[in-house]
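What the coordinates show
Here is how the chains run, residue by residue.
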Amino acid sequence: MRKIREPCALLILLLLICFRPCMPVYGMELPAREETSGMNPETEGKDIRVMGSRIPVYETLGEALIRKLSEDQGTAEEKNTGITFDTVEEAVSFGRYFYRYVYWGKQEIRLAAGRDAEGVIIYAWCDDIQEAVSQHRQVAAKLEETAAGGFGLSDGEKAAFFYDWVYENVDYDATMQNKTIYDAVMKGQSVCWGYVSTYLTLCRMAGLTCEPVYQGNHAWNRVWIDGGWKYCDITWDKSLGEHRWKLITEEEMERDSMHETL
């Protein structure tokens, strides 16, 4: 991987990422599931499901991009972000990670990757850059305030505290229109990914090791507590009005027939 190159313009969100020598030659939607059929294996990047652990270098680059985006004057035309990678695969992987785990707004931003002598450059464009930054900051402020409420608690107490907060503040959206962390945190409604990403972010803000778990068309969380993984499915618990999957052990999760059949 390379670096951020200096005099560049803005940042990114990304609903689609495409490799292009000059013009895009393929694209994919990223909010929930990626279409990989027909893609070149050398350029399709890592599946988001294998990037559940934190990747600090992607987070650092993503945060730097958001700062650049906040300084932009709001033009919608495509711009060079100054981020370069050695390969298209790594650029695509970064884009997926950024959209899924770093950017918390809902406003659509798009990414593209193109080659030059320096490597593979990330380009970005957005219809409303200031709205994208504003949404991201709203979510960050609310979650940082909530995460601070866990100060002084043990890891297990923090994990339970964040579970309770998400459970109490997010309702399941049966219309399937609200799907993001922004929807969950700011609107109080989402499908499973809003639950998962909100809990994931709170745990990570508080210094806990937390990861998403993907199975079929569903996702939930696991958090490392006292030398072992504890699992929670806040989406299903809230939908059923129960706490059946609140920080259960790995052995209990493996025996759970409902998740096993997904």
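We now turn to the structure provided with this report. (Residues numbered from 1 in each chain as written. Predicted model: local features only at pLDDT ≥ 70, side-chain atom pairs only at ≥ 80, totals over all residues. Heavy atoms only, no water.)

1. Concerning the sheet that holds strand β7 (residues 210-215)
Using the following cut-off: The rule for pairing is simple: two strands pair if DSSP sees at least two bridges between them. We count a stretch as a helix when DSSP gives it H or I for four or more residues in a row; a strand needs E for two or more, and each element gets its number in order from the N terminus.
In spatial order, the strands read β7-β8-β9-β10; together these 4 strands make up an open sheet with antiparallel pairing. Two strands close off the open sheet at either side, each with one partner strand: β7 and β10 (248-249). In terms of strand pairing, strand β8 (residues 218-225) meets strand β9 (residues 228-232) through 5 bridges, oriented antiparallel. Residue V223 lies in a different strand from β9, and its bridge partner there is K230.

2. Here we look at helix α3 (residues 129-148)
The line we're drawing: What a helix is expected to span follows from its residue count: subtract one and scale by 1.5 Å. Only protein chains enter the accessibility calculation, which uses a 1.4 Å probe; a residue whose area is less than 20% of its type maximum is buried, one above 50% is exposed, and one in between is partly exposed. In this description, the arc belongs to the directions extending from the helix axis to the C-beta atoms.
The terminal C-alpha atoms of α3 lie 29 Å apart, and with 20 residues this matches the ideal 28 Å at 1.5 Å per residue to within 8%. Here α3 has its buried residues at I129, A132, V133, Q135, H136, V139, A140, L143, T146 and A147. Around the axis of α3, the buried residues are gathered within 165° of arc, so they sit on the same side. Along α3, exposed side chains directed more than 90 degrees from the buried face belong to R137, E145 and A148.

3. A short note on the packing of α3 against helix α6 (residues 192-205)
Operational definition: Axis definition: a line fitted to C-alpha atoms, limited for helices to the stretch in contact. Angles are taken between N-to-C directions and run from 0 to 180 degrees. Note on angle classes: values under 35 degrees are labelled roughly parallel, values over 145 roughly antiparallel, values of 65 to 115 roughly perpendicular, and the remainder oblique. A crossing counts as left-handed when the near helix is turned anticlockwise from the far one by less than a right angle, and as right-handed when that turn is clockwise. Contact definition: two residues touch when any of their heavy atoms are within 4.5 Å.
Relative to each other, α3 and α6 sit at 60°, their axes nearing to 9 Å. One element, α3, and the other, α6, form an angle in the oblique class. Judged by the twist between their axes, the crossing of α3 over α6 is right-handed. Each of A140, L143, E144, T146 and A147 in α3 lies in contact with α6, whose residues at this interface are T198, T201, L202 and M205.

4. Looking at the nonpolar core
Note that soluble globular proteins tend to have their nonpolar side chains buried in a common cluster. Going by this rule: Residues grouped as a nonpolar core are buried Ala, Val, Leu, Ile, Met, Phe, Trp, Tyr and Cys residues, joined through side-chain atoms within 4.5 Å.
Residues Y199 and V223 are the most contacted members of the largest nonpolar core, which totals 63 residues. The greatest single-element share of this core, amounting to 8 residues, is contributed by helix α2 (residues 88-102). Excluding its chain neighbours within four sequence positions, the residues that come into contact with Y199 are A159, F162, Y163, V166, C210, N221, V223, C232, I234 and L247. Grouped together as the second largest cluster of nonpolar side chains are 8 residues, W220, W229, Y231 and M253 included.

5. Details of the pattern of salt bridges
Here is the rule: We count a salt bridge whenever a side-chain nitrogen from Lys or Arg sits within 4 Å of a carboxyl oxygen from Asp or Glu.
Summed over all chains, the structure comprises 8 salt bridges. Between R54 and E59 there is a salt bridge, with its nearest N and O atoms 2.9 Å apart. Judged by relative accessible area, which is 43%, R54 ranks as partly exposed. The closest approach of N and O atoms between R244 and E242, which form a salt bridge, is 3.0 Å. Looking at E242, the relative accessible area reads 30%, which means it is partly exposed.

6. Let's talk about the pairing of β8
When you tally the buried positions in β8, you get 7 out of 8 residues, the bulk of the element. Direction of pairing for β7 relative to β8: antiparallel, over a ladder of 6 bridges. Considered in β8, the bridge of P212 is made with N221. Between the end of β7 and the start of β8, which pair antiparallel, lie 2 residues, with G216 showing a positive phi angle near 60°. Linking β8 back to β9 in an antiparallel pair, the connection comprises 2 residues, with D226 at a positive phi of about 50°.

7. Side note on the layout of surface pockets
Counted only if it meets this: Put plainly, a pocket is an open set of points on a 1 Å grid over the protein atoms alone with protein on both sides within 12 Å along at least five of seven lines, a cavity is a set where a 1.4 Å probe fits but cannot get out, and a lining residue has an atom within 4 Å of a point. Grid points are joined across faces, edges and corners, and a volume is the space filled by probe spheres set on the points. Residue classes follow a fixed rule: Ala, Val, Leu, Ile, Met, Phe, Trp, Tyr, Cys and Pro count as nonpolar, while Asp, Glu, Lys and Arg count as charged, and any other residue, Gly among them, counts as polar.
In this model, the second largest pocket occupies a volume close to 160 Å³. What lines the second largest pocket is simply V213, Q215, W220, Y231, E250, M253, E254, D256, H259 and E260. Elements supplying a minimum of two residues to the lining of the second largest pocket: β7, α8 (250-254) and α9 (257-260). It is α8 that provides the largest number of residues to the lining of the second largest pocket, a total of 3 residues. Looking at the lining of the second largest pocket, its residues break down into 4 nonpolar, 2 polar and 4 charged.

Remember, this is a structural readout, not a statement about activity or role.
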